[in-house]
Amino acid sequence: MNKIFCFDIDGTLRDNVNHEVSSSTKLALDTLKEMGYKLIISTGRAYDSLKRTKINELIDWDGFVLNNGQLLLDHNENVIEEKAFDPSTVIEVIKRADELNYAVTLKKEKRTITKEPDEYVKKTQAYFNNVIGPVEKYDGHEDVWAMIIYGPMGYDYAPFLDIEGCNVLPGMSCYADVSIKGVSKAKGCQYFVDHFQSEGYVAFGDSQNDLEMFKYADISICMGNGDEQAKKRADYITDDINNDGILHALQHFNWTKE
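What counts, and at which threshold
- Residues numbered from 1 in each chain as written.
- Predicted model: local features only at pLDDT ≥ 70, side-chain atom pairs only at ≥ 80, totals over all residues.
- Heavy atoms only, no water.
- Buried < 20%, exposed > 50% of the residue type's maximum accessible area, 1.4 Å probe, protein only.
- Helix = DSSP H or I, 4+ residues; strand = E, 2+ residues; numbered from the N terminus.
- Pairing = 2+ DSSP bridges.
- Contact = heavy atoms within 4.5 Å.
- Axes fitted to C-alpha atoms, helices over the stretch in contact; angles between N-to-C directions.
- 1 Å grid on protein atoms, 1.4 Å probe; cavity = no way out; pocket = protein on both sides within 12 Å on 5 of 7 lines; lining within 4 Å.
- Points joined across faces, edges and corners; volume = space filled by probe spheres on them.
- Disulfide = S-S within 2.5 Å.
- Nonpolar A, V, L, I, M, F, W, Y, C, P; charged D, E, K, R; others polar.
- Core = buried A, V, L, I, M, F, W, Y, C linked by side-chain atoms within 4.5 Å.
- Expected span 1.5 Å × (residues − 1).
- Arc of directions from axis to C-beta.

Draft legend 1. A look at the pairing of strand β9 (residues 166-170). Residues Cys-166, Val-168 and Pro-170 line the buried face of β9, whereas the alternating positions Asn-167 and Leu-169 sit on a face that is not buried. The sheet contact formed by β9 and strand β10 (residues 176-180) spans five bridges and is antiparallel. Residue pairing in the sheet places Pro-170 in a bridge with Ala-176 of β10.

Rendered as C-alpha cells:
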C-alpha cells in the first residue's frame, strides 16, 4: 500500500489529561516507519505549540501540516508554505468576539490574546497544556496565521460563521479554531501525497477540525474518544486514545504486517 499516514495530535497521538503519548502509540508509529510508510503530522497547533509538545521529536516525521493547513513544513521543519489572514477578517472576528465578551488568541510572530483569560480560556489551556500569550490589541498590520475563539462548551459559534474569508471549527473543549476559508488539513495532506507520489492518505483524528481531512482521505479513522461529528464522517472508529486506539486500528487493517 503506497499511502501516507496523517495524524492529528491532541486527542489522537497525545491524551488531553496527562498530555502524554502512550507506549502503544509510539510502537505503532515505529512499526509504520519500519515498514517504509511516510508519516505526517496534521494539527491545528502552530509551530511554537508543536515544539512545546515535543511531538516533532517523537519519530522521524516526513512533514508537518500546522495551523489546520495554513503552515506546511518539510522533513527538516523548513517552511514550504505559509498563509496569513486578510487583516479585515481578523478585525471582524475580534469585533464580534468583543461584543460577546469572548477572548481570541492570535497566532502570529508573538502569540497574543485579546482580553484577560476567563474560564473558557483556562479550561482550554488545561486541555491542551498550552501557553496563553499576553493581552494585546491587534494593530491591523501584523500577519495572523490562525485564531482561536474561546466560548462555552458545546457552543456553535453561530455569530462567526458568516464572516468572509474564514472557517470556524468548534473543538473538544471551550474553543473553536478559526482558519482561512479554502485552506485545510486536507489540502496540506494532499500536498504531501503529491510530493511523495503516493496513492492517497490515511487520516487519524478526533475532532471537527479533522472533518475535511476525513472527507478526502482514502481511509479515515476516528478515535473512540472523538467528537460525534468526526465519528459520523470516519470510515472506522477505533478504541479510545487511552486504550491503544492507534495500534488497534493498525492491527484491524493489517498494517502491522508485510
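From this point, the discussion proceeds with the structure in view.
Draft legend 2. A look at the environment of Glu-199. Summarising the element assignment, Glu-199 is placed in the loop between α5 (185-195) and β11 (200-205). Along the chain, Glu-199 and Glu-57 lie 142 residues apart, while their C-alpha atoms are 27 Å from each other. Beyond its immediate chain neighbours, meaning those up to four positions away, Glu-199 contacts Asn-2, Lys-3, Val-193 and Asp-218.

Draft legend 3. The arrangement of the sheet that holds strand β2 (residues 39-42) in detail. Read across the sheet, eight strands follow the order β5-β4-β3-β2-β1-β11-β12-β13 without closing on themselves; strand pairing throughout is mixed. With one partner strand each, in any of the chains shown, β5 (79-82) and β13 (236-237) form the two edges of the open sheet. Packed on one face of the sheet, helix α8 (residues 245-252) meets β1 (3-7), β11, β12 (219-222) and β13 and runs near 145° to β11.

Draft legend 4. Region of the structure containing the sheet that holds β10. On the basis of which strands lie adjacent, the open sheet formed by five strands has the order β7-β6-β8-β10-β9 and antiparallel pairing. Each having just a single partner strand, β7 (112-113) and β9 make up the two edges of the open sheet. One ladder, built from three bridges, connects strand β8 (residues 146-149) with β10; its direction is antiparallel. Looking across to β10, one finds that Met-147 is bridged to Val-178. Of the strands in this sheet, β6 (104-107), β8 and β9 touch helix α3 (residues 87-100), which is tilted by about 160° from β6.

Draft legend 5. View of the layout of surface pockets. In this structure, the largest pocket encloses a volume near 340 Å³. Lining the largest pocket we find 17 residues, and of these Asn-167, Leu-169, Ser-184, Leu-211 and Glu-212 sit closest to its centre. Within the residue set of the lining of the largest pocket, elements represented by two or more residues are β9, α5 and α6 (211-216). A total of four residues in the lining of the largest pocket trace back to one element, the largest contributor, which is α5.

Draft legend 6. Up close: the state of the cysteines. Evaluation of the coordinates by the stated rule reveals zero disulfides. The cysteine Cys-6 is free of any disulfide, with Cys-189 supplying the nearest cysteine sulfur at 3.3 Å.

Draft legend 7. Quick peek at empty space enclosed by the protein. Counting across every chain of the model gives two cavities of 30 Å³ or more. By volume, the largest cavity is sized at about 250 Å³. Together, 23 residues line the largest cavity, and Asp-10, Arg-45, Phe-128, Tyr-175 and Asp-177 are the ones closest to its centre. A per-class count over the lining of the largest cavity returns eight nonpolar, eight polar and seven charged.

Draft legend 8. Inspection of the nonpolar core at higher detail. Within the largest apolar cluster, 33 residues are counted, with the highest numbers of intra-cluster contacts made by Phe-85, Val-90, Leu-106, Met-147, Ile-149, Tyr-150 and Phe-160. Not counting residues up to four positions away in its chain, the partners in contact with Ile-149 are Val-93, Tyr-102, Ala-103, Val-104, Tyr-157, Phe-160, Cys-174, Tyr-175, Ala-176 and Val-178. Among the nonpolar cores identified, the runner-up in size contains 30 residues, and Phe-5, Leu-73, Phe-204 and Ala-249 belong to it.

Draft legend 9. Helix α1 (residues 23-34), seen in detail. For α1, which comprises 12 residues, the first-to-last C-alpha distance of 16 Å matches the rise-based estimate of 16 Å (1.5 Å per residue) to within 8%. Those residues of α1 that fall on the buried side of the exposure criterion are Ser-24, Thr-25, Ala-28, Leu-29, Thr-31 and Leu-32. Here the buried residues of α1 occupy an arc of 160° about the axis, which is enough to place them on one side. Across from the buried face of α1, at angles greater than 90 degrees, the exposed residues are Ser-23 and Glu-34. In the stretch just after α1, Gly-36 is the one whose phi turns positive, near 95°.

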